[in-house]
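This is what each chain is made of:
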Amino acid sequence: EKDQEEEEEEETVQVLLEKSLDALETYRTKKKSAKTYAIKNGRIEVSILETKLSNGVGGKLWKAALLLAEQLDDREEGEGESGVGIDVKDKTVLELGAGVGLVGLTAAKLGAKEVVLSDFEAPLLEALEESVKRNELVGKEGEEKTTKVRWLDWRADGAGEGTPTTSKPPDGFLALEKEDVYDIILGSDCLYESHHAALLPKVIKRRLSLFPNSRCRLLGAVRNRDMLDQLLENFRKENLTAKETAVAKSER
C-alpha cells in the first residue's frame, strides 16, 4: 500500500510539473509577436519576432530597419530606382544591434554568403535564434549555418585588444570571435547615446574586412544632430571615409 501511495504521489508531482512547464512556455510565447514583411516589392518575405520594450529598443521593429532592408539587393550597387542599393549577394554581412533582425535576415534571403545577427541582450538573442528558424535559414544537417546569432558588446569590442573586460555572453550564446571581419556591416537606429558615437567607429573599423569594396551602412533617424556630427568626426579619426546622405524627405 505504501509503495502504491508513493507512486501516486510521484505521478501527481509529474503532472503538476508538466502543467507548470506548459504554462511557462505559453507565457514565454505570448511575450513575442510574430510579424511577416514583404521586402523588395514582395520578392522575398521575412518573418520577425517582436518582444517587450523592456528588453531594450531592439525589441521592436522601427522604420529605419525597413528602409535599410529595402536598400539591400542582389545586384551591383546603384541599380534600381533608388540608386542606393547595396549588393549583398555572396558577401559576408554583419548586422550591428540587430534587434529583431529584419535587415540581416533580408540579406540572408538575398543570397549573402554568411550573415551574423549581433546584439547584447539575452531576450533579443533568443528571439533572433527563433527568427532564423522561422525563416528556414538554419542550414541542412551536417552543414555549417550561414545565418548565425552572436553576442557583441560594443564597449568591449571598441576597447581594443588587450583591454581587460568582465563582459561575457549570456548562457547558451556565443560571442563574435576576435578575428571575425565582414565585407558589409549594416545597422539601423544604432545611435541612441553619446557613447555610441564614440564606440561605433571603433567597432566598425575592427570588424570591416580590408577588401577594397568593403563598406558599412548605418541608417537611422536624426534624433540629435550634435551626436551625429560627432559620429562622423569619429569615423574620420579612425581613418574611415564617411558620407552622410538623406534618404527621406523629413528632416529626421
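Refer to the structure printed above.
Residues numbered from 1 in each chain as written. Predicted model: local features only at pLDDT ≥ 70, side-chain atom pairs only at ≥ 80, totals over all residues. Heavy atoms only, no water.

**Student:** I would appreciate a short explanation of a nonpolar patch on the surface in the present structure.
**Tutor:** Judged by side-chain polarity, L53, V57 and W62 come together as a nonpolar surface patch covering roughly 270 Å² of accessible area. With respect to the helices and strands, the residue W62 is situated in the loop between strand 2 (44–50) and helix 2 (63–71). (Patch = residues over 30% accessible without salt bridge, like charges linked within 9 Å, V, L, I, M, F, W, Y side chains within 5 Å. Areas by Shrake-Rupley, 256 points an atom, 1.4 Å probe, with all protein chains shown as cover. Salt bridge = Lys/Arg side-chain N within 4 Å of Asp/Glu carboxyl O. Helix = DSSP H or I, 4+ residues; strand = E, 2+ residues; numbered from the N terminus.)

**Student:** What am I meant to see in helix 6 (residues 194–207) here?
**Tutor:** Each turn of an α-helix holds 3.6 residues, which means side chains three or four residues apart point in the same direction. With 14 residues, helix 6 extends 21 Å between its outermost C-alpha atoms, agreeing within 8% with the 20 Å of an ideal straight helix rising 1.5 Å per residue. Here helix 6 has its buried residues at H196, A197, L199, L200, P201, V203, I204 and R207. Buried residues along helix 6 sit in contact with strand 5 (92–96), helix 5 (154–159), strand 8 (184–188), strand 9 (215–219) and helix 7 (225–237). (Expected span 1.5 Å × (residues − 1). Buried < 20%, exposed > 50% of the residue type's maximum accessible area, 1.4 Å probe, protein only. Contact = heavy atoms within 4.5 Å.)

**Student:** Quick question: what am I supposed to make of the sheet that holds strand 6 (residues 114–119) here?
**Tutor:** By definition, the strands of a sheet pair up through backbone hydrogen bonds, in either a parallel or an antiparallel sense. Reading across from one edge, 7-6-5-8-9 is the order of the five strands in this open sheet, with parallel pairing throughout. Looking at the sheet topology across the chains shown, the edges are occupied by strand 7 (147–151) and strand 9. Neighbour-to-neighbour, the strand axes of the sheet open up by a mean angle of 20 degrees, direction not taken into account. As paired strands, strand 5 and strand 6 are joined by four bridges and run parallel to one another. In the sheet register, T92 faces strand 6, and the bridge partner there is E114. Contacting strand 8 and strand 9, helix 2 crosses the sheet at an angle of about 145 degrees to strand 9. Helix 3 (residues 102–109) rests against strand 5, strand 6, strand 7 and strand 8 of the sheet, and its axis sits at about 175 degrees to strand 6. (Pairing = 2+ DSSP bridges. Axes fitted to C-alpha atoms, helices over the stretch in contact; angles between N-to-C directions.)

**Student:** Explain the pattern of salt bridges to me, please; I cannot follow it from the model alone.
**Tutor:** Pairing of side chains with opposite charge becomes possible as their charged atoms draw close. Taken as a whole and assessed by the stated rule, the structure comprises 17 salt bridges. D157 serves as the salt-bridge partner of R207, at 2.7 Å between the closest nitrogen and oxygen. One end of the pair, R207, is in helix 6; the other, D157, is in helix 5, with 50 residues separating them in the sequence. Residues joined in a network through salt bridges with shared partners are K40, R43, D73, D74 and R75.

**Student:** Help me out: how do you make sense of the nonpolar core in this one?
**Tutor:** Within soluble globular proteins, side chains that are nonpolar generally end up buried alongside one another. Grouped together as the largest cluster of nonpolar side chains are 34 residues, with contacts concentrated most on L72, V93, L102 and L117. Contributing elements (two or more residues each) for this core: strand 2, helix 2, helix 3, strand 6, helix 4 (122–134), strand 7 and strand 8. When residues in this core are grouped by element, the largest group, five residues, is from helix 3. The next biggest cluster of nonpolar side chains, apart from the first, holds 21 residues, and it includes W154, Y182, L200 and L208. (Core = buried A, V, L, I, M, F, W, Y, C linked by side-chain atoms within 4.5 Å.)

**Student:** Looking at this structure, how should I read the pairing of strand 6?
**Tutor:** Consecutive side chains along a regular strand alternate between the two faces of the sheet. Counting buried positions along strand 6 gives five out of six residues, so the element sits mostly inside the fold. A crossover connection joins strand 5 to the parallel strand 6 through helix 3; in handedness this β-α-β unit is right-handed. Note that strand 6 and strand 7 share five bridges and pair parallel. Within strand 7, the residue paired with D119 across the bridge is W151. (Right-handed = clockwise from strand over helix to strand, strands pointing away.)

**Student:** Is there a simple way to explain the pairing of strand 1 (residues 33–39) in this structure?
**Tutor:** Across seven bridges, the pairing between strand 1 and strand 2 is antiparallel. The residue bridging I39 from the neighbouring strand is I44, located in strand 2. Hairpin geometry of strand 1 and strand 2 is characterised by an intervening segment of four residues between the two adjacent antiparallel strands and by a positive phi of about 60 degrees at K40.

**Student:** When you look at the environment of L200 in this model, what are you seeing that I'm missing?
**Tutor:** Structurally, the position occupied by L200 is in helix 6. Leave out the neighbours within four places in its chain, and L200 touches L96, W154, C190, L191, L218 and L231.

**Student:** Can you help me understand the packing of helix 6 against helix 7 in this one?
**Tutor:** Helix packing geometry: the angle between the two helix axes and the distance between the axes. Between helix 6 and helix 7, the shortest axis-to-axis distance is 9 Å and the interhelical angle comes to 25 degrees. The angle between the axes of helix 6 and helix 7 places the two elements in the roughly parallel class. The element helix 6 and its partner helix 7 pack so that their crossing is right-handed. Within the contact between the two elements, helix 6 uses S194, H196, A197, A198, L200, P201 and I204 and helix 7 uses M227, Q230, L231, N234 and F235. Looking at side-chain class alone, the contact of helix 6 with helix 7 contains eight nonpolar, four polar and no charged residues. (Parallel < 35°, antiparallel > 145°, perpendicular 65-115°, else oblique. Left-handed = near helix turned anticlockwise from the far one by under 90°. Nonpolar A, V, L, I, M, F, W, Y, C, P; charged D, E, K, R; others polar.)

**Student:** I would appreciate a short explanation of helix 3 in the present structure.
**Tutor:** With seven of eight residues buried, helix 3 lies mostly within the body of the structure. Buried residues of helix 3: L102, V103, G104, L105, T106, A107 and A108, and no others. Just beyond helix 3, the residue with positive phi is G111, at close to 95 degrees.

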